[in-house]
Amino acid sequence: MTENKQTRVATLREELKAQIEGGQFGVGDRLPSEARLTEEFSVSRTVVREAIAALRADGLVEPRQGSGVYVLEPKPQAETPFTSVDMGRLSSVIELLEVRTAVEVESAGLAAQRCSPSEEEDIIECLKEVTRLNSAQQSSSDADFALHQAIARATHNPRFVEFLGILGPSAIPRRALNGSKNRPYPQSYVDCINAEHDEIVTAILNRDEDGARAAMRSHLKDSQQRYRSLLRGQPES
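Residues numbered from 1 in each chain as written. Predicted model: local features only at pLDDT ≥ 70, side-chain atom pairs only at ≥ 80, totals over all residues. Heavy atoms only, no water.

Visitor: Would you mind showing me how to read the pairing of strand β1 (residues 61-64) here?
Guide: In summary, the side chains of a regular strand alternate between the two faces of the sheet. Pairing of β1 with strand β2 (residues 68-71) involves four bridges; the strand directions are antiparallel. Along β2, the bridge assignment pairs V61 with V71. Here β1 folds back onto β2 in antiparallel fashion, the turn holding three residues, of which G66 has a positive phi close to 75°. (Pairing = 2+ DSSP bridges. Helix = DSSP H or I, 4+ residues; strand = E, 2+ residues; numbered from the N terminus.)

Given below as structure tokens:
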């Protein structure tokens, strides 16, 4: 298909789509005939057929043999996963941490089994950065997320990376809970987080699959209790 033809197909598709979505053609209505569309838009029959095929692929129309092309009921758009998570609510935080536990425990174990030397370096650098920021009482959410992403990449299974990509930085609820207050955390909390991360990474580097799984499970389960304390305004232990 030449560029000009591609342009004509795209233009006709968008025009018909706009008419359908704008209500000019309602659900169950039949679109004008191929001959009528050819004349109205000054295009070839091939362009009309390909534009209709594109609309069919969009789920907007349905050609019926010997009858014509009819407008379909719009399909409801699927809700993007995790968009309803409210990080200001304890229930949402716990739900997210439970899901992360189910996935990231295995991620840590596979990383311990499959991690390459270059991936080890990435994990170590991420650990250093999140530890540095935590110790300096600076925002470490992005660095924390980067560490978990580095572990996911070390599984050599792209689905683990995709899962974290869907969650995005909200995977680290500390960002939402702390908000714009930038209040310091107790040193005991900082020391605990740093020690848990160190335990996870050490197990991965030692190729200790069971140890890596156990360390990740402990980290995420302990996080549930810490966030309960955070939301209640109580000191973190």
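Visitor: Please explain the nonpolar core as it appears in this structure.
Guide: Note on soluble globular proteins: their nonpolar side chains tend to be buried together. Counting residues in hydrophobic clusters, the biggest one holds 30 residues, and the most contacted among them are I123, L147, I151, I200, I204, A212 and M216. Listing elements by their share of this core, those giving two or more residues are α4 (90-114), α5 (117-135), α6 (141-153), α9 (187-205) and α10 (209-232). Sort the elements by how many residues they give to this core and α9 lands first, with seven residues. Discounting chain neighbours no more than four positions away, the residues touching I123 are C115, L147, A150, I151, A154, V201 and I204. (Core = buried A, V, L, I, M, F, W, Y, C linked by side-chain atoms within 4.5 Å. Buried < 20%, exposed > 50% of the residue type's maximum accessible area, 1.4 Å probe, protein only. Contact = heavy atoms within 4.5 Å.)

Visitor: How do you make sense of the environment of E129 when you look at a structure like this?
Guide: The residue E129 is located in helix α5 in this model. Note on E129: relative accessible area 31%, which makes it partly exposed.

Visitor: Explain the environment of I20 to me, please; I cannot follow it from the model alone.
Guide: Tracing the backbone through its elements, the reader meets I20 in helix α1 (residues 3-21). Take I20: its relative accessible area is 10%, and that puts it in the buried class. Between the C-alpha atoms of I20 and V71, which are 51 residues apart in sequence, the distance is 7.5 Å. If sequence neighbours within four positions are ignored, I20 has contacts with F25, L31, L60, V61 and V71.

Visitor: Help me out: how do you make sense of the pattern of salt bridges in this one?
Guide: Working definition: two side chains of opposite charge can pair if their charged atoms are close together. One pass over the structure, following the stated rule, counts 13 salt bridges. With a shortest N-O distance of 2.2 Å, E14 and R13 are connected by a salt bridge. Ionic pairing is found between R213 and E209, a salt bridge with its closest N-O pair at 3.9 Å. Linking R213 with E209, this pair stays in helix α10, spanning four residues, or about one helical turn. A relative accessible area of 17% places R213 in the buried class. Residue classification places E209 among the partly exposed positions, given a relative accessible area of 29%. One salt-bridge network, in which partners are shared between bridges, spans E106, E209, D210 and R213. (Salt bridge = Lys/Arg side-chain N within 4 Å of Asp/Glu carboxyl O.)

Visitor: Quick question: what am I supposed to make of the packing of aromatic side chains here?
Guide: The way to describe two aromatic rings as a pair is by their centre distance and the angle between their planes. Evaluated as defined, the whole model comprises zero aromatic pairs. Geometry around Y70 places R64 over its ring, the cationic atom sitting 4.2 Å from the centre. (Phe/Tyr/Trp six-rings, centres within 6.5 Å; stacked < 30°, edge-to-face > 60°. Lys NZ or Arg CZ within 6 Å of the ring centre and 35° of its normal.)

Visitor: Is there a simple way to think about unusual backbone geometry in this case?
Guide: Leaving glycine aside, a negative phi is the common case for residues, and trans is the common case for peptide bonds. Phi is positive for Q137, which is not a glycine, with a value near 60°. One can find Q137 in the loop between α5 and α6. Given the relative accessible area of 33%, Q137 is considered partly exposed. One non-glycine residue, R207, adopts positive backbone phi at about 60°. Relative to the assigned elements, R207 resides in the loop between α9 and α10.

Visitor: Would you mind showing me how to read the side chain of H197 here?
Guide: Mapped onto the elements, H197 comes out in helix α9. What makes H197 buried here is its relative accessible area of 1%. Once you skip the residues sitting within four places of it in the chain, H197 turns out to touch L127, V130, D144, L147, H148 and H219.

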